[in-house]
Amino acid sequence: METHTNVRTVMKERELRHAPEKVWRALTQKHLLEEWLMKSDFKPEVGHRFDLEADWGKVSCQVLAVEPHKTLSYSWAAHGLESVVTWTLTETATGTHLRMEQSGFGPGQDQAYHGATAGWEKFLYKLEEVIADLDEEGER
């Protein structure tokens, strides 16, 4: 998605057949986050700084917004990219509409933009698997 400032955003949306509370657990509980995203020391507390670690490197993050079962936002800084990831959960008649946006890809960051576009597809596929494996209370 192009804007007048040439800053791009990767946006992915999913319709999930699970309650927002269950989706929220997979987005915010450290042990579940590690199953679909990366190893981390995440806590859903505004101002908390955390790192996401993978074999390709580390992402430095800070929690920017937390509205349980509705919105989670954190900065995402890695390899010269300064961006923001925002998750929005909207309850639907059949479960949850999940939207993920990563904004802040500037001119000259085509590789990061295309990498994020493909990477989030893989992460979201894994996220859906993790959520599906949780019981109704969001536990294993």
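My aim in this report is to walk through the structure given alongside it, one point at a time. Keep in mind it's a predicted model, so treat the numbers as computed, not measured.

Concerning the packing of aromatic side chains
Moving on, step 1. One pass over the full model with this rule turns up eight aromatic pairs.
Moving on, step 2. Relative to Phe-50, the ring of Phe-42 lies with its centre 4.9 Å away and its plane at 85°, an arrangement referred to as edge-to-face. For the residue pair Phe-42 and Phe-50, the accessibility class agrees, reading buried in each case.
Moving on, step 3. Summarising the aromatic geometry, the rings of Phe-105 and Tyr-113 are spaced 5.6 Å apart at their centres and angled 80° between planes, so their arrangement reads as edge-to-face.

Describing helix H3 (residues 110-133)
Moving on, step 1. End to end, H3 covers 35 Å across 24 residues, agreeing with the expected 34 Å (1.5 Å per residue, within 8%).
Moving on, step 2. Looking only at H3, the buried set comprises Tyr-113, Ala-116, Gly-119, Trp-120, Phe-123, Leu-124, Leu-127, Val-130 and Ile-131.
Moving on, step 3. Lining the buried residues of H3 we find strand S1 (8-16), helix H1 (20-28), helix H2 (30-36), strand S5 (71-78), strand S6 (81-92) and strand S7 (95-105).

Notes on the sheet that holds strand S3 (residues 49-54)
Moving on, step 1. With antiparallel pairing, seven strands are arranged side by side in an open sheet as S1-S7-S6-S5-S4-S3-S2. Unpaired on one side and paired on the other, S1 and strand S2 (39-40) mark the two borders of the sheet.
Moving on, step 2. Of the pairings in the sheet, the one linking S1 to S7 comprises nine bridges and is antiparallel in character. Residue pairing for S7: Arg-8 is matched across the bridge by Phe-105.
Moving on, step 3. Seen against the sheet, H1 touches S1, strand S4 (57-67), S5, S6 and S7 and runs at an angle of roughly 160° to S6.
Moving on, step 4. Of the strands in this sheet, S1, S5, S6 and S7 touch H3, which is tilted by about 15° from S1.

Topic: the environment of Leu-72
Moving on, step 1. Along the chain, Leu-72 turns up in strand S5.
Moving on, step 2. Among the residues examined, Leu-72 registers a relative accessible area of 0% and is labelled buried.
Moving on, step 3. Excluding its chain neighbours within four sequence positions, the residues that come into contact with Leu-72 are Trp-24, Leu-27, Thr-28, Phe-42, Val-63, Ala-65, Val-66, Val-85, Thr-86 and Trp-87.

A few points about the environment of Glu-15
Moving on, step 1. Of note, Glu-15 is situated in strand S1.
Moving on, step 2. Overall, Glu-15 belongs to the exposed group, its relative accessible area being 53%.
Moving on, step 3. With 80 residues separating them in the primary sequence, Glu-15 and Gly-95 have C-alpha atoms 7.4 Å apart.
Moving on, step 4. For Glu-15, the contacting residues outside a window of four places in its chain are Thr-92, Thr-96 and His-97.
Moving on, step 5. A polar contact of 2.4 Å, which involves the side chain of Glu-15, links it to the side chain of His-97.

Points about the side chain of Lys-12
Moving on, step 1. With respect to the helices and strands, the residue Lys-12 is situated in strand S1.
Moving on, step 2. The class of Lys-12 is buried, set by a relative accessible area of 11%.
Moving on, step 3. For Lys-12, the side chain forms a polar contact with the main-chain oxygen of Thr-117, separated by 3.3 Å.
Moving on, step 4. In terms of polar contacts, Lys-12 uses its side chain to reach the side chain of Glu-121, at 3.0 Å.

Rules of the game
Residues numbered from 1 in each chain as written. Predicted model: local features only at pLDDT ≥ 70, side-chain atom pairs only at ≥ 80, totals over all residues. Heavy atoms only, no water. Phe/Tyr/Trp six-rings, centres within 6.5 Å; stacked < 30°, edge-to-face > 60°. Buried < 20%, exposed > 50% of the residue type's maximum accessible area, 1.4 Å probe, protein only. Helix = DSSP H or I, 4+ residues; strand = E, 2+ residues; numbered from the N terminus. Expected span 1.5 Å × (residues − 1). Contact = heavy atoms within 4.5 Å. Pairing = 2+ DSSP bridges. Axes fitted to C-alpha atoms, helices over the stretch in contact; angles between N-to-C directions. Polar contact = N/O pair within 3.5 Å; in protein donor to acceptor, adjacent residues only side chain to side chain.

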